[in-house]
There are 2 protein chains.
Amino acid sequence: MCTIPADTAQIIETSLITALEDRGLRKTTARAAVTQRIELAGDAFTAEQLCRELPEVGRATVYRTIRHLVDAGALCKLPILDGAPMYSVARVEHHHHTICSRCGAVGEFRHSTVERVMRSLEKEIDGDIVGHRMEIFITCNQCLAAIAEGESHD
Amino acid sequence: MCTIPADTAQIIETSLITALEDRGLRKTTARAAVTQRIELAGDAFTAEQLCRELPEVGRATVYRTIRHLVDAGALCKLPILDGAPMYSVARVEHHHHTICSRCGAVGEFRHSTVERVMRSLEKEIDGDIVGHRMEIFITCNQCLAAIAEGESHD
DNA sequence: CTTTTAATTGATATTGAGTATCAATAAGGA
DNA sequence: TCCTTATTGATACTCAATATCAATTAAAAG
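Caption draft 1: Here's a closer look at the protein's contact with DNA strand C. Near DNA strand C you find 24 residues, and of these Arg26, Thr28, Arg31 and Arg64 of chain A together with Tyr63 of chain B are the closest. When atoms of DNA strand C within 4 Å of the protein are sorted by moiety, sugar and phosphate together comprise 75%. Arg64 of chain A places a side-chain nitrogen or oxygen 2.6 Å from a base nitrogen of DNA strand C. Within the contact set of DNA strand C, a phosphate oxygen lies 3.2 Å away from a side-chain nitrogen or oxygen of Thr29 of chain B. Class assignment for the residues of the surface near DNA strand C results in 11 nonpolar, 4 polar and 9 charged.

Right, here's the structure in full:
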């Protein structure tokens, strides 16, 4: 039984739910709630966060929907060094991520040089390159400001 | 009570156990067994693999020793996309990893261009860069050979 | 609109990785 | 050798994620 209240249940035509439909999956109330929430939040999130924010959707369904979105290439799975992986909406075809090591905010960037590095590495590497992953750890501007603010109060 | 048999218990002066001693940690039979095993194996490994291979050492101790080695910078923790992280001995100061997506073999490489890319990214990125991580997914030469072998048998 | 069929859901149980606890034990300096 | 403190490891626990499976729902067919 799906117990999603009417206001949450409203199905909005979005790219995430479309990504699921394109894979032959049904457009259900639960999936609409999950994809909508991801899109409205904007930020990166963990599976458990989503579960907490959507108590009306079962955990199993939240996890399944996330997996489908990752399989569809609509979400990126970011393995964090400690703890559960984070997910962020893939807005551009191929990109990398910045992660603020103070607040956890995730950003996206593209850089043509990275692709060029890959090609030049192909000679050095003992096999065929099939993919790569790169994360840059930063202290974001907001956190830098917060730190400066905190110091000025001493 | 430590129940490590005599042959496993032999304490060998190695860089890993030294890394622990340098941090003021005691040279114990259990830690010697763990570090020795890591060095003899050579390959990357998961914590659970180590536990299975060293049933005479308690799980808690295996996990604690790994954590100490990572803290000391003697081991690299590699977050794998699915499942438990892998660990590999850090042989050079700063480097990146290749991971064979077929057999899981982990290699190490350095590339000066990666550092140059970091510097050039500093302008584009919204904050201070404090670190980065990069993994290249490959099909290693052994796997390429195995695939070719398999195909020739059709 | 109703029927039909297969996909989907979600409460629950289960797995698996990793950590906390704490009494017993071992390391290593005095 | 003794003494103090770090270390160990059996156990219980937490947390993330998955498997199970009867009840429910989507949507295609009639």
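Still more to cover.
Caption draft 2: Structural detail: the interface of chain A and chain B. In this complex, chain A contributes 34 residues to the contact, which on the side of chain B involves 35 residues. The contact between chain A and chain B buries some 3000 Å² in all, and 59% of this surface belongs to carbon and sulfur atoms. Of all residues in chain A, Leu81, Arg133 and Phe137 of chain A bury the most surface against chain B, accounting for 20% of the area lost on that side. Counting every contact that joins chain A to chain B gives 2 salt bridges. Salt-bridge contacts for Glu135 of chain A lead to Arg133 of chain B; the nearest nitrogen and oxygen are separated by 2.6 Å. At the boundary of chain A with chain B, the tally comes to 9 residue pairs in polar contact (both at pLDDT 80 or more). Elements with a contribution of two residues or more to the side of chain A that touches chain B: helix H6 (112-124), strand S6 (127-140) and helix H7 (141-152) of chain A. Element by element, the count of residues in the side of chain A that touches chain B is highest for S6 of chain A, at 14 residues.

Caption draft 3: Structural context of the relation of the copies chain A and chain B. Mapping chain A onto chain B calls for a screw motion: a turn of 179° about the axis and a shift of 0.0 Å along it, with 0.2 Å RMSD after fitting. The transformation just described matches what one would write down for a two-fold rotation axis. Minimal C-alpha separation from the rotation axis in chain A is found for Met134 of chain A, amounting to 2.1 Å. When you check the interface residues of chain A against chain B, 100% turn up at the interface there too, and the contact is symmetric in its surfaces.

Caption draft 4: View of H6 of chain A. Along H6 of chain A, the residues that are buried comprise Thr113, Val114, Val117, Met118 and Leu121 of chain A. In an axial view of H6 of chain A, the angular spread of the buried residues amounts to 150°, which keeps them on one side of the axis. Summarising the geometry of H6 of chain A, the exposed residues directed more than 90 degrees from the buried face are Arg119 and Lys123 of chain A. Elements that come into contact with the buried residues of H6 of chain A comprise strand S4 (96-100) and S6 of chain A together with strand S4 (106-109), helix H6 (112-121) and strand S5 (127-140) of chain B.

How each quantity is defined
Residues numbered from 1 in each chain as written. Chains lettered and ligands numbered in written order. Predicted model: local features only at pLDDT ≥ 70, side-chain atom pairs only at ≥ 80, totals over all residues. Heavy atoms only, no water. Near = heavy atom within 4 Å. Polar contact = N/O pair within 3.5 Å; in protein donor to acceptor, adjacent residues only side chain to side chain. Nonpolar A, V, L, I, M, F, W, Y, C, P; charged D, E, K, R; others polar. Contact = heavy atoms within 4.5 Å. Buried area = accessible area lost by both parts, 1.4 Å probe. Salt bridge = Lys/Arg side-chain N within 4 Å of Asp/Glu carboxyl O. Helix = DSSP H or I, 4+ residues; strand = E, 2+ residues; numbered from the N terminus. Least-squares fit on C-alpha atoms with pLDDT ≥ 70 in both. Buried < 20%, exposed > 50% of the residue type's maximum accessible area, 1.4 Å probe, protein only. Arc of directions from axis to C-beta.

All we've got here are geometric facts, nothing functional implied.
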